[in-house]
Amino acid sequence: MDLALLVARLLLAAVFVVSGLAKLADRAGSRRAVTDFGLPARLANPIGTFLPLAELAVAVALLPLATAWWGGLGALLLLLAFSAGIAVNLARGRTPNCHCFGQLHSEPIGWPTLARNAVLAAIAGFVVGTGFDDAGYSTVGWLDDLSTGETAAIVAGVVALGLLAAEGWLLVHLLGQNGRLLVRLDVLETALAERGVAPSPVDAAPTGSPAGLPVGVPAPAFTLSGLHGETLTLDALRAAGKPVLLIFTDPGCGPCNALLPDIGRWQRDHAAAFTLALLSRGTAEANRTKTAEHGITTVLLLKDREVAAAYQANGTPAAVLVRSDGTIGTPLALGADAIRAFVARTTGAPAPAPAPAPTAANGGNAGGRVAARAGARVGEPAPEVSLPDLTGKTVSLADFKGDQTLVLFWNPGCGFCRRMVDDVKAWEAKPPKGAPKLLVISTGSVEDNQAMGFQSPVVLDQGFTTGSAFGANGTPSAVLVDAQCKIASDVAVGAPSVLALANGKDPATATGNGGAPAATPKKGDPAPALALPDLNGKTLDLASLRGTKTLILFWNPGCGFCKRMLDDLKAWETKPPKGAPKLLVVSTGDAEANRAMGLRSPVVLDDGFSAGRAFGASGTPSALLIDARGNIASDLAVGAPAVLALAGVKDQAKPTVV
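Just so you know, these numbers come straight off a predicted model, no measurement behind them.

### Examining the sheet that holds strand E6 (residues 318–322)
- Spatial ordering of the open sheet is given by E2-E1-E5-E4-E3-E6-E7, a layout of seven strands whose pairing is mixed. The sheet is open, and its two edges are formed by strand E2 (231–233) and strand E7 (333–334), each paired on a single side.
- Note: E6 against E7, two bridges, orientation antiparallel. When the bridges of E7 are listed, Ala319 appears paired with Ala333.
- Sheet strands touched by helix H8 (residues 254–269): strand E3 (244–249) and strand E4 (275–280). Its angle to E4, the strand with the most contacts, is close to 155°.

Structure representation (structure tokens):
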């Protein structure tokens, strides 16, 4: 019994020390996990800090006999709390990432997670149940019986193990660097050969089997963070039912950087053929700088070599195709030219030359309330849609072939979407003659979407990859697909334009009441009056900002597009470009949700969005400039790229006129 208790305590201590240290090493991920589990944003920071410290305290308490019972009790209480949170989320149909062991191992919760916690809770209960005075053998008592020589031998052994671990770490990194050098040499030799300069012959070993994992084996699963803190898994990338092209890169790799224009173009041109994800080493800022100018989306950050090693990608750039069934579809392609040739074979196109950088991440400018896009254009086949509905059944856009279909991009947390719910329901209950079928493609949880009460099918696209494939960059937005599954309209943005499209009217002339176009202020007109409470309850008047140029940003802390541009906005606040305007954020939501964003600029609350409508805004994020005299100085910019461009950030989309 004493030996079993000692083993139980050591096992629990090991679990909690690894979990606590891993969470402390990724505090941002810990805070994000708190909100992902449905707790208020204001609790994210204290819980994200307290929880790993509590786990470490439990681990330490489990070791000495004097505190082992209290450590077991703490472990039991923490495991029961974890299990309760997991069970509640599973019952609601939500599967956030557990973040149980930080970046060492994080995957969506499920019944296996609950079972694992139950086993650990049973072990903790065993320690507690034996009583306060009977916790088994001491973990350190045996040291008293050691001679001086034995103690010295143990110390030497620990030091040797530490040195061995350090040597292993260095060896892994040296092998990775060697792989990258070999790939770059291969690229240089190819370039020399194309110019008629043959490299000096060397004695080469015969070529072995194809690089990478064998074709047909299951692709290794992974969970990685994106550029904006979002978490994506391989299963999420495969959710659209298409193959997934994984490209491993490094912002410090020359051939990788030369390949970026092609990657941006492949994502736009071949979205219907496969989902392309960039798996890159380096920091979020370094990768954001490299990828933004080429309009590249779905960038995942490699914190270590674990994922690359699992795919046997020992150099960069490298690429592999994962089939829609989750198995490896091709050998690993090493080097930029090999990747270009692979994409050409896959798409049936000639091997492309590097493409010039796009000038707009979202397709550029659009008139009226209809956004241009980089996806399929009117008359072209619609991107494939194959997503789970609210019952888990897969729904495909091809199922609607033979009927005109309105594809509505939705977010239950978006204030603009919530305000048009009743209009959509009324349209569903009594559609006009010749009205299209409705397919809602939404983010958010099953429970949140069920609460909307739509009659039409709702499918879930958590990464908004389908919306991006259609060229949508905000919610609510919609596009018509004809009976042959071809694009029949441009993307309509905002509730009035979406409803106009649903009713067979021109979205460019849509208004909120179906009458004549709304009389919104134009460039050069005096700005509408604006006097709203800030996050401390103090009224801020726009008139008080006269004498300086001001960017009014219409915002919603629950809007996914706002969340994704938050880091860019904070970077702009920290280091604004020369001549940049002051920023005034006009936001929905409560004070706590807006305070949690951490913006430095003043934020005022406009819960009814009456100020936004007065300025002609119909979606978030959107913005316009007010000059020093208090007059409108720009058209309304809609979407993150256009807003940042209006703020003076280079290489962004031109403001979209609405």
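What follows continues from the structure just given.
### As for the packing of aromatic side chains
- By the definition in use, this model includes six aromatic pairs.
- Where Phe248 meets Tyr311, the ring centres are 5.9 Å apart and the plane angle is 50°; that geometry is what we call tilted. With Phe248 in strand E3 and Tyr311 in the loop between helix H10 (306–310) and E6, the pair connects residues that are 63 residues apart, well separated along the chain. Here the two residues Phe248 and Tyr311 agree in accessibility, since each one is buried.
- Judged by centre distance (5.5 Å) and plane angle (55°), the rings of Phe409 and Phe470 are tilted. Of this pair, Phe409 sits in strand E11 (residues 405–410) while Phe470 sits in helix H15 (residues 465–470), and the two are 61 residues apart along the sequence. Summarising the burial analysis for this pair, Phe409 and Phe470 share the class buried.

### With respect to the nonpolar core
- Grouped together as the largest cluster of nonpolar side chains are 64 residues, with contacts concentrated most on Trp410, Phe470, Val586 and Phe615.
- Apart from the residues lying within four places of it in its own chain, the contact partners of Val586 are Leu530, Leu532, Ile552, Leu553, Phe554, Trp555, Val604, Asp606 and Ala611.
- Counting 26 residues, the second-largest nonpolar core is a separate cluster that includes Leu535, Leu583, Val585 and Leu605.

### Observations concerning the pattern of salt bridges
- In total, this model carries 10 salt bridges according to the counting rule given.
- Salt-bridge contacts for Arg265 lead to Asp262; the nearest nitrogen and oxygen are separated by 2.8 Å. Separated by three residues within a single helix, Arg265 and Asp262 lie in helix H8, roughly one turn from each other.
- A residue is classified by how much of its surface remains accessible, and Asp262, at 0% relative accessible area, is buried.
- A salt bridge links Asp262 to Arg340; the shortest N-O distance between them is 3.0 Å. Linking Asp262 in helix H8 with Arg340 in helix H11 (residues 336–347), this pair joins segments that are 78 residues apart in sequence.
- Residue class for Arg340 comes out buried when judged on its relative accessible area of 11%.
- Through salt bridges with shared partners, one network takes in Asp262, Arg265, Asp337 and Arg340.

Each value, and the rule that gives it
Residues numbered from 1 in each chain as written. Predicted model: local features only at pLDDT ≥ 70, side-chain atom pairs only at ≥ 80, totals over all residues. Heavy atoms only, no water. Pairing = 2+ DSSP bridges. Helix = DSSP H or I, 4+ residues; strand = E, 2+ residues; numbered from the N terminus. Contact = heavy atoms within 4.5 Å. Axes fitted to C-alpha atoms, helices over the stretch in contact; angles between N-to-C directions. Phe/Tyr/Trp six-rings, centres within 6.5 Å; stacked < 30°, edge-to-face > 60°. Buried < 20%, exposed > 50% of the residue type's maximum accessible area, 1.4 Å probe, protein only. Core = buried A, V, L, I, M, F, W, Y, C linked by side-chain atoms within 4.5 Å. Salt bridge = Lys/Arg side-chain N within 4 Å of Asp/Glu carboxyl O.

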